[in-house]
Amino acid sequence: MNIQAKKAALEVWVNGEAHAADPVPGQRLSDLLREGLGQRDVKIGCDAGDCGACTVLLDGAPVCACLTPAHQAAGRKVETVQGLHASDPIAARLMQSFLDHGASQCGICTPGMMVSAVALLRDVPEPSEVQVMDALGGVLCRCTGYRKIIDAVRNVPAVAVEATGQVGEAIQHLDGTDKISAQVEYGDDVAPPGCLELLVIRSPFPRASFALGNLDGYAHSLGLSAVLTAADVQGKNSFGVIPGFEDQPVFAEAETRYSGDAVAALVGPRDVLRSIDPADVPIAWTELPAAQDIEAAQRSCAGQLHKGRDNNVMCGGFVKCGDAEAALAKAYVTVEGRFQSGFVEHGYIEPEAGFAEVVNGRVEVHACTQAPVMDLEGLERVLGMDRSKIRIVPTAVGGGFGSKLDMSVQPYLAMAALKTGQPVRICYTRTESMRASTKRHPSDITLRIGADKDGKICGFDFSGAFDTGAYASWGPTVANRVPVHASGPYQIADYTAQSKGVHTNNPPSGAFRGFGVPQSAIAQESLFDELADKLGQDALEFRIANVLENGTPTVCGQVFGQGVGIKACFEALRPAWTKERAAAEAFNAQNSTRKRGVGVAGGWYGCGNTSLPNPSTIKSGIREDGTVVLHQGAMDIGQGANTVIAQVFATALGVDVGQVQRIGADTDVTPDAGKTSASRQTFVSGNAARLSGAALRAAILERMNVAEDAQLEIGDGTIRAKDAAGEHVLELNALDADAEGYVLHASETYDPPTKPLDENGQGHPYAQFGYATQMAVVEVDTALGTVKPIKFVAAHDVGQAINPMLVEGQVHGGIAQGLGMALMEEYIPGRTENLHDYLIPTIGDIPPIETIIIEEPDAHGPYGAKGLGEHVLVPTAPALLNAIKHATGVRIQKVPAIPSAVYAAIKGKPAQ
């Protein structure tokens, strides 16, 4: 749509100001606003009208700017979120409501949501829930689960409170105002105007050999600045996230392993690159036989993807305690089944993007990432440069969920900037993002479980194969984590679990909120319902009778003397369970086609790395003027790390959180707080922040010689301390400042205590687990196979809710993603590589969610806190599948449970 043609000048009014513009015929309004007029608050998530992030008001009506020709704005009034924020009283009230409800997490969809909501509220000041859903139905959100957005637009009573921000207080997101007003800058917002761009050329086939033609001549003929290939990699042409598994090339050299493998990149002006058809680039392709499922990849005739990985098996995991076979042989009842899941796309609304430049001989990369120090280490390997010559400056992240742990645009940007000596930017298209990025591992699981007459589990035999795709990514973590978690949070004395990751010619499978645990939970929790049915027991009470408690060993032989909150979580569901099961029975008696069901499931998740070092370091200081500074390198991808870690630090130091100035992640100025993954930031970086705050406080108390419980007031160049002896004053200008300007400072590290697993998987894999239970109510139309979720009740043990509003936000967002996995999300390589064919939940798909916060303090957590982000998604899909079984009597063993599959199961036919 951006083809060069004769220009026609026009006048467009943007946020009350007239602008002269010269769009080419067919240019999108979104492109004109962002690139021509500097309105970077207009976000582009798909360029196809599917996500709604680019929504603006055109003469007061909401439109997708990416579907609106720029010429249609001639002489008309365009309003964006920044303009509304500056001048519209409805937008001002709505912004406050968004803050008070935690209705913005990563923030990338918020401009579209805000603009659409303002249009609604101008016409309908007090809308109903249905009206809000209708008005905002075209804007996708992957973080919030939508319910808080609905509440914010309807202005129901606020969740956030006015407080000092101590641990336990539900304050607003500290970065919320900037996100809601679209002041934060994401990966595609930071490049200088007019800089060079990158186009990556990728394999069109799942497996192919290729020969590069005269790329330099081709580039010269188009006026491009540079071409990059494997020959330009100065270090090692491989990257990865697990030591020993760095197997993904920056550019393939002779053969590609999946449709999306990069073979070259073109660098040049934006308008030229956007006119290039990749099929015209001089590369000769020869398609080769590809193995695109687990079974095919392990056949002797399959192509070997990586040396030393026989039968394409990457690696495996194993946990054993007792004698599962003997226990199953003696069990009173047994159940078994095969459960399968497919690829799931992360679906973040912000595609991978960033820019790089060379500054004083150092390459600086600005990009969306979950792991800045891992990016630094990866670029050190690829570029063959000392890390002192590399700087990673993360932008805001518009959703990640695990996939932005892996490097994506970073090596291409760095190489291009170094080769050209000029700033270079890139932003993946939606299709490119979905082709090239990692996915949730498809799984093929077989499981047998037994129970005795009293309903106690006896015998558990689990085997799981996971499609890790063309490259390892986080596959080794999944293979090792799954056997530890496949038992669920239950007492099982006789247990065997084994897993393996298998390479295929599919996109790499990586980290996605749960690292394989949601897949194993589907099998385990589904069969628990089958066991309860065989025993004639209530499904909830069966679980309560078998859960882990303080002092009972896990399947790894680990015993927690405290902090095991799973029983309390299940018990919290009892009132709703009793009520909703009775209501479903009454509903079903009155309806012949529509049937309601109620399902329950539990889950657990170990916070942090499995039996590996996992440190975070947090630095803090006080300047001569009394400014308190927190160097916080933990990436906030919407989950609230910026707020939670600051609350923990402020509590430990003894000041209001509003006094704390935060310096965000930057490998030049913030220590390594570790990657944002595995629900570790609240636990690990939170502990480092607590230690840093406590150390800074101790330094103050020692210098002032005041009591441990002294109240501190820091500011205006002084520290005032009040204790039983009176008030004490420290003049900060009397102290010497260090090189960073701090007169007092502290840097502390926390690494969770774990122990390696032995050959049978026995040991201490995690210092803490978090626990989750969920009850789902669904309505199934048995004539159509459609499944409509009606309600969720979710009880989660978080140890200590550092910020209860943020806890609710994580619960809602995790349930929404689990619902998508269970009912609709089906990534098929080469077919569903856009947000039209690949379905993620919309605002109309998420029912009311009742959140119950359980606080069973953990001895290792900061103020008792546990991680949460990953845990939420674990029980959602099995709870929904169990609800479908309760409603229809049929067990769905492959997700997603799309209508055709549910209908076929009800009719007893094979699914097509």
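Our subject is the structure listed above.
For clarity, every value in this text was computed on a predicted model and none was experimentally measured.

### Things to note about the overall build of the chain
Alright, step 1. Looking only at helices and strands, the chain has 24 helices and 34 strands in total.
Alright, step 2. Relative to the globule expectation of 29 Å for 912 residues, the C-alpha radius of gyration of the chain, 27 Å, shows essentially globular dimensions.
Alright, step 3. Expressed along its principal axes, the backbone C-alpha trace of the chain runs to roughly 80 × 80 × 60 Å.
Alright, step 4. Residue burial in the chain is summarised as follows: out of 912 residues, 62% are buried.
Alright, step 5. Put simply, of all contacts in the chain between residues at least 6 apart along the chain, 78% involve residues at least 24 apart.
Alright, step 6. Taking the average place of the 74 positive charges on the side chains of the chain and the average place of its 105 negative ones, the gap between the two points comes to 5 Å.

### A closer look at the pairing of strand β23 (residues 594-606)
In regular strands, side chains alternate between the two faces of the sheet.
Alright, step 1. Burial analysis of β23 places eleven of its 13 residues in the buried class, which makes it a mostly covered element.
Alright, step 2. Relative to strand β31 (residues 769-781), β23 runs antiparallel, the two being bridged by 13 bridges. Note that in β31 the partner of Y605 across the bridge is G770.

### Section: the packing of helix α3 (residues 89-101) against helix α4 (residues 110-123)
Alright, step 1. Relative to each other, α3 and α4 sit at 125°, their axes nearing to 10 Å. Regarding the angle of α3 to α4, the classification is oblique. Crossing handedness for the pair α3 and α4: right-handed. Contact with α3, carried on its side by I90, A91, L94, M95 and F98, involves T110, M113, M114, A117, V118, L121 and R122 of α4 and no other residues of that element.
Alright, step 2. Looking at the contact of α3 with α4, its residues break down into ten nonpolar, one polar and one charged.

### Overview of helix α6 (residues 147-154)
Alright, step 1. Counted residue by residue, α6 has six buried out of eight residues, so it is predominantly covered.
Alright, step 2. Where α6 is concerned, the buried positions are R147, K148, I149, I150, A152 and V153.

### Comments concerning helix α8 (residues 215-222)
Alright, step 1. If you check which residues of α8 are buried, you get L215, Y218 and A219. The buried side chains of α8 occupy one side of the element, clustering within an arc of 95° when seen end-on. For α8, the exposed residues set more than 90 degrees away from the buried face come down to D216, H220 and S221.
Alright, step 2. Of the surrounding elements, those touching the buried residues of α8 are β7 (208-212), β8 (226-228), β10 (262-268) and β11 (283-287).
Alright, step 3. Backbone geometry just downstream of α8 places G223 in the positive-phi region, at approximately 80°.

### Re the packing of helix α5 (residues 129-136) against α6
Alright, step 1. Contact geometry for α5 and α6: axes closest at 10 Å, N-to-C directions at 110°. Judged on the interaxial angle alone, α6 and α5 are roughly perpendicular. Relative to α6, α5 is oriented so that their crossing is right-handed. Touching E129, V132, M133 and L136 of α5 are R147, I149, I150, V153 and R154, all from α6.
Alright, step 2. Across the contact of α5 with α6, the residue classes break down as six nonpolar, no polar and three charged.

### Considering the sheet that holds strand β2 (residues 17-21)
Adjacent strands of a sheet pair through backbone hydrogen bonds, lying either parallel or antiparallel.
Alright, step 1. Here we have five strands laid out as an open sheet, ordered β2-β1-β5-β3-β4, and mixed in their pairing. Taken across any chain shown, the strands that pair with only one partner, and hence form the sheet edges, are β2 and β4 (61-64). Looking at each pair of strands side by side, their axes are set apart by 40° on average, direction ignored.
Alright, step 2. In this structure, strand β1 (residues 10-14) lies alongside strand β5 (residues 77-79), joined through two bridges in parallel fashion. Within the sheet, the bridge partner assigned to W13 lies in β5 and is K77.
Alright, step 3. Strands β3 (55-58), β4 and β5 of the sheet are contacted by α4, whose axis makes an angle of about 35° with β3.

### Let's talk about the side chain of S692
Alright, step 1. Summarising the element assignment, S692 is placed in helix α21 (residues 681-704).
Alright, step 2. Exposure remark for S692: the relative accessible area of 0% places this residue in the buried category.
Alright, step 3. In this structure the side chain of S692 is engaged in a polar contact, spanning 2.8 Å, whose partner is the side chain of S620.
Alright, step 4. Apart from residues no more than four positions distant in its own chain, S692 is found in contact with I618, K619, S620, F649, A746 and E748.

### Let's talk about the side chain of K179
Alright, step 1. Locating K179 in the fold gives a position in helix α7 (residues 176-180).
Alright, step 2. Residue K179 is classed as buried on the basis of its relative accessible area, which comes to 6%.
Alright, step 3. When sequence neighbours within four positions are dropped, the list of residues in contact with K179 reads S104, Q105, C106, G107, T110, V184, Y186, D636 and G638.

### Re the pattern of salt bridges
Alright, step 1. Enumeration over the complete set of coordinates arrives at 48 salt bridges.
Alright, step 2. In this structure, R40 and E35 form a salt bridge, with 3.3 Å as the shortest nitrogen-oxygen distance.
Alright, step 3. Note on E35: relative accessible area 27%, which makes it partly exposed.
Alright, step 4. Members of the salt-bridge network, linked through shared partners, are D31, R34, E35, R40, K43, D188, D189, E197, R270 and R425.

### Observations concerning the packing of aromatic side chains
Alright, step 1. Taken as a whole and assessed by the stated rule, the structure comprises 13 aromatic pairs.
Alright, step 2. A centroid spacing of 6.1 Å and a plane angle of 85° characterise the contact between F343 and Y827, whose relative ring orientation is edge-to-face. Highlighted residues: F343 in the loop between β13 (333-341) and β14 (344-345) and Y827 in the loop between α22 (804-823) and β33 (849-854), separated in sequence by 484 residues.
Alright, step 3. Note on Y827: relative accessible area 3%, which makes it buried.

### Topic: the nonpolar core
Alright, step 1. Core analysis: the largest hydrophobic core is formed by 161 residues, its most contacted members being F98, M113, V153, I449 and Y495.
Alright, step 2. Ranked by residues supplied to this core, first place goes to helix α16 (residues 517-535) with nine residues.
Alright, step 3. When near neighbours in sequence (up to four residues on either side) are disregarded, M113 contacts F98, L136, V139, L140, C141, Y146 and I149.
Alright, step 4. One finds I622, I645, V655 and A865 within the second-largest nonpolar core, a separate group that totals 48 residues.

### Some details on the sheet that holds strand β22 (residues 495-503)
Alright, step 1. Spatially, six strands are ordered β12-β22-β21-β20-β13-β34 in an open sheet, and the strand pairing comes out mixed. The open sheet has two edge strands, β12 (313-321) and β34 (894-895), and neither has a second partner.
Alright, step 2. Sheet analysis places β13 next to strand β20 (residues 443-451), joined by nine bridges and oriented antiparallel. In the sheet register, G337 faces β20, and the bridge partner there is L447.

### Describing the state of the cysteines
Alright, step 1. Within this structure, the stated rule accounts for zero disulfides.
Alright, step 2. Counting only cysteine sulfurs, C46 is the nearest neighbor of C51, a cysteine outside any disulfide, at a range of 3.7 Å.
Alright, step 3. We note that C64 lacks a disulfide partner, and the nearest cysteine sulfur, in C54, lies 4.6 Å from it.

### Some details on the environment of I828
Alright, step 1. As for its placement among the helices and strands, I828 is situated in the loop between α22 and β33.
Alright, step 2. For I828 and G342, which are 486 residues apart along the polypeptide, the C-alpha to C-alpha distance reads 8.4 Å.

### What about unusual backbone geometry?
Alright, step 1. Put simply, V895 and P896 share a cis peptide bond, and its omega is 10°.
Alright, step 2. For P896, the location among the structural elements is in the loop between β34 and α24 (899-907).
Alright, step 3. Of note, the phi angle at N311 is positive, near 55°, even though the residue is not glycine.
Alright, step 4. On the accessibility criterion, N311 (44% relative accessible area) is partly exposed.

Rules and cut-offs
Residues numbered from 1 in each chain as written. Predicted model: local features only at pLDDT ≥ 70, side-chain atom pairs only at ≥ 80, totals over all residues. Heavy atoms only, no water. Helix = DSSP H or I, 4+ residues; strand = E, 2+ residues; numbered from the N terminus. Rg over C-alpha atoms; globule rule 2.2 N^0.38 Å. Buried < 20%, exposed > 50% of the residue type's maximum accessible area, 1.4 Å probe, protein only. Contact = heavy atoms within 4.5 Å. Lys, Arg positive; Asp, Glu negative; His and termini not counted. Charge placed at Lys NZ, Arg CZ, Asp CG, Glu CD. Pairing = 2+ DSSP bridges. Axes fitted to C-alpha atoms, helices over the stretch in contact; angles between N-to-C directions. Parallel < 35°, antiparallel > 145°, perpendicular 65-115°, else oblique. Left-handed = near helix turned anticlockwise from the far one by under 90°. Nonpolar A, V, L, I, M, F, W, Y, C, P; charged D, E, K, R; others polar. Arc of directions from axis to C-beta. Polar contact = N/O pair within 3.5 Å; in protein donor to acceptor, adjacent residues only side chain to side chain. Salt bridge = Lys/Arg side-chain N within 4 Å of Asp/Glu carboxyl O. Phe/Tyr/Trp six-rings, centres within 6.5 Å; stacked < 30°, edge-to-face > 60°. Core = buried A, V, L, I, M, F, W, Y, C linked by side-chain atoms within 4.5 Å. Disulfide = S-S within 2.5 Å.

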